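Structural overview
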Amino acid sequence: MKILAILGSPHGLRGATNGVLSEVLAGCTGEGVEIETVVLSKQKIKYCVGCANCLTKGACNQKDDVAAIHDKMREADGIILASPVYLGTVTGQMKVFLDRCLPLGHRPSFHGKYGLSVAVSAGFMDVPTADYLLGVLIAFGVAPVGTVCGIAAAPGLLEQQDVVVAYARRLGRQLVTAIREQHEYPETGEQRRAHAFFRDLIYKYRKFFKADYKYWKEQGWLTLPQAEEEPQPSTTTDVPSEVDEQALVKLRSMLEAIPQAFDPSAAQGLDAIIQLVLHSGPKTLNWYFTIREQKCQGKEGSVPNPSLLLEGPAETWVAISEGRIDGAQAFVQGDFKFEGDLQVLMQFSTLFSSQAGS
Ligand SMILES: Cc1cc2nc3c(=O)[nH]c(=O)nc-3n(C[C@H](O)[C@H](O)[C@H](O)COP(=O)(O)O)c2cc1C
């Protein structure tokens, strides 16, 4: 088992950040555990110049130590990002390195790896910084084990040392256990939204993000009808503005989450297809849910003869989902119209009883 720590402190192994990191690593004990710490200040790391070659062609033109660090990350089972807090966030050393990690976020491939983050500050912005670092790991596909923060105004001045040491070691042990036992972490709404955002971005600009597009296609992550090579007349129509596109990204995420709110006990004996037709500016988004054998599946697109068709403004749908508008009232007022089986319409709110999708 390989654990790789990446340290962004200019003080390197002498700094307060490594004081906390080394306690995490002390907790990473066990047979066969190999640990390596990469001190970024000792590496040759050039700035990202924003050429986007990594996204379009799949490789970076810069010649330095970054590719070798990426290889170490690929080989690791556990990855730790550790940084002091500088001006409310990570140090320049860490940020310059993370900028160069852009393709790891655009083409996430670290699924099956586990990670955690360490942030040390003089007492301001340590938690957001640790969360930021963990968020970066999550974007790469890493499963998040946790974060640990320390307060130290200078190297050697770690406050509440006993508490921090105990917590850091425990987190280290948890990392090793998570790797050994292949712990599963539930996907968060944020992760789902990030996935949907990148899916739509990469598809929309597929002629530019060529390397990303190829990768997402190979992974089977572009499975929605709107993500096929040819335009699908039955899904979205017209060319959207940037604003419409953003609204649609949010709407798709909400619709994707709806089956999670499905209550199978409310669907006994029900065999139905519910078609949604949602209008947003010049666009129409079609989405349907198949309810069969007490299971619910959602998909973008249209079906010819749904049991129930609901049509109206996307904004109203979002407002209903977020509880800002009463669904029944929206139908009474004529904001939303329906066709088909009234029985299924009456059942709708009990079928999707939890808050997912909002
Ligand atoms: C340029 C600079 C900016 C800093 N900004 C912050 C800050 O925004 N918030 C904070 O609490 N501490 C800040 N600090 C203090 C460091 O985060 C703190 O001393 C930390 O322990 C340094 O870790 P190190 O010993 O590993 O370098 C800053 C220190 C420096 C040198």
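Residues numbered from 1 in each chain as written. Predicted model: local features only at pLDDT ≥ 70, side-chain atom pairs only at ≥ 80, totals over all residues. Heavy atoms only, no water.

**Looking at the sheet that holds strand β1 (residues 2–7)**
Pairing is parallel in the open sheet, where 5 strands are placed in the order β2-β1-β3-β4-β5. Two strands close off the open sheet at either side, each with one partner strand: β2 (34–39) and β5 (143–151). On average, adjacent strands in this sheet sit at an angle of 15° to one another, irrespective of strand direction. Bridge count for strand β4 (residues 114–121) against β5 is 8 bridges, and the pairing is parallel. Its bridge partner lying in β5, A119 is registered against C149. Packed on one face of the sheet, helix α3 (residues 66–75) meets β1, β2 and β3 (78–84) and runs near 140° to β1. Packing of helix α7 (residues 161–181) onto the sheet brings it into contact with β1, β3, β4 and β5, and relative to β5 it is tilted by some 165°. (Pairing = 2+ DSSP bridges. Helix = DSSP H or I, 4+ residues; strand = E, 2+ residues; numbered from the N terminus. Axes fitted to C-alpha atoms, helices over the stretch in contact; angles between N-to-C directions. Contact = heavy atoms within 4.5 Å.)

**With respect to unusual backbone geometry**
Unusually for a residue other than glycine, A52 sits at a positive phi of about 65°. Relative to the helices and strands, A52 resides in the loop between β2 and α2 (53–56). For A52, a relative accessible area of 15% gives the class buried. For Q294, which is not a glycine, the phi torsion comes out positive at approximately 60°. Assignment of secondary structure puts Q294 in the loop between β7 (283–292) and β8 (295–300). Given the relative accessible area of 31%, Q294 is considered partly exposed. (Buried < 20%, exposed > 50% of the residue type's maximum accessible area, 1.4 Å probe, protein only.)

**Thoughts on the site of the ligand**
Around the ligand lies a shell of 19 residues, among which H11, A16, T17, V85 and A152 are the nearest. Within the backbone of A16, a nitrogen or oxygen atom sits 2.8 Å from an oxygen atom of the ligand. Here G88 contributes a backbone N or O atom positioned 2.8 Å from an oxygen atom of the ligand. Protein chains bury 77% of the 640 Å² of accessible surface belonging to the ligand in isolation. (Near = heavy atom within 4 Å. Polar contact = N/O pair within 3.5 Å; in protein donor to acceptor, adjacent residues only side chain to side chain. Areas by Shrake-Rupley, 256 points an atom, 1.4 Å probe, with all protein chains shown as cover.)

**Quick look at the packing of aromatic side chains**
Inspection of the entire model under this criterion finds 13 aromatic pairs. Seen from their ring centres, Y203 and Y213 are 6.4 Å apart, and the 55° between their planes marks the pair as tilted. With Y203 in helix α8 (residues 189–204) and Y213 in helix α9 (residues 210–219), this pair connects stretches of sequence that are 10 residues apart. Taken together, the ring pairs in this structure connect F262, F289, W317, F336, F348 and F352 into an aromatic cluster. The cationic tip of K113 hangs over the ring face of F110; the distance from NZ or CZ to the ring centre is 5.3 Å. The ring of Y203 has R206 sitting right over it, with the charged end atom 3.9 Å from the ring centre. (Phe/Tyr/Trp six-rings, centres within 6.5 Å; stacked < 30°, edge-to-face > 60°. Lys NZ or Arg CZ within 6 Å of the ring centre and 35° of its normal.)

**Things to note about a nonpolar patch on the surface**
Together, F338, L342 and M346 give the surface a local cluster of nonpolar side chains, amounting to about 310 Å² of exposed area. Structurally, M346 is set in helix α13 (residues 342–351). The class of M346 is exposed, set by a relative accessible area of 61%. (Patch = residues over 30% accessible without salt bridge, like charges linked within 9 Å, V, L, I, M, F, W, Y side chains within 5 Å. Salt bridge = Lys/Arg side-chain N within 4 Å of Asp/Glu carboxyl O.)

**Details of the domain arrangement of the protein chain**
Split by domain assignment, the protein chain resolves into domain 1 (2–181), domain 2 (187–223) and domain 3 (227–351). Spacing between the C-alpha centres of domain 1 and domain 2 amounts to 25 Å. Opposite the 12 residues of domain 1 that make contact, domain 2 presents 12 residues. Carbon and sulfur atoms make up 65% of the surface buried where domain 1 meets domain 2, a total of about 920 Å² over both sides. When the buried surface of domain 1 facing domain 2 is broken down by residue, T56, H106 and R107 rank first, second and third, together holding 52% of it. Counting the contacts that link domain 1 with domain 2 gives 1 salt bridge. (Domains from an automatic or database assignment. Buried area = accessible area lost by both parts, 1.4 Å probe.)

**Quick look at the state of the cysteines**
Disulfide: a covalent bond connecting the sulfur atoms of a pair of cysteines. Tallied over the full model, the rule gives 0 disulfides. Of the cysteine sulfurs around C51, a residue in no disulfide, the closest is that of C60, at 6.1 Å. With no disulfide partner, C54 has as its closest neighbouring cysteine sulfur the one in C60, 6.4 Å distant. (Disulfide = S-S within 2.5 Å.)

**Thoughts on the sheet that holds strand β6 (residues 272–280)**
An order of β8-β7-β6-β9-β10 is seen for the 5 strands of this open sheet, with the pairing classed as mixed. Bordering the open sheet on either side are β8 and β10 (337–340), each of which pairs with just one other strand. The average undirected angle you get between the axes of adjacent strands in this sheet is 15°. In the sheet, strand β9 (residues 308–313) pairs with β10 via 4 bridges, with the strands oriented antiparallel. Directly across from L309, in β10, lies its bridge partner E339. With respect to the sheet, α13 is in contact with β6, β7, β9 and β10, its orientation differing from that of β9 by roughly 70°.

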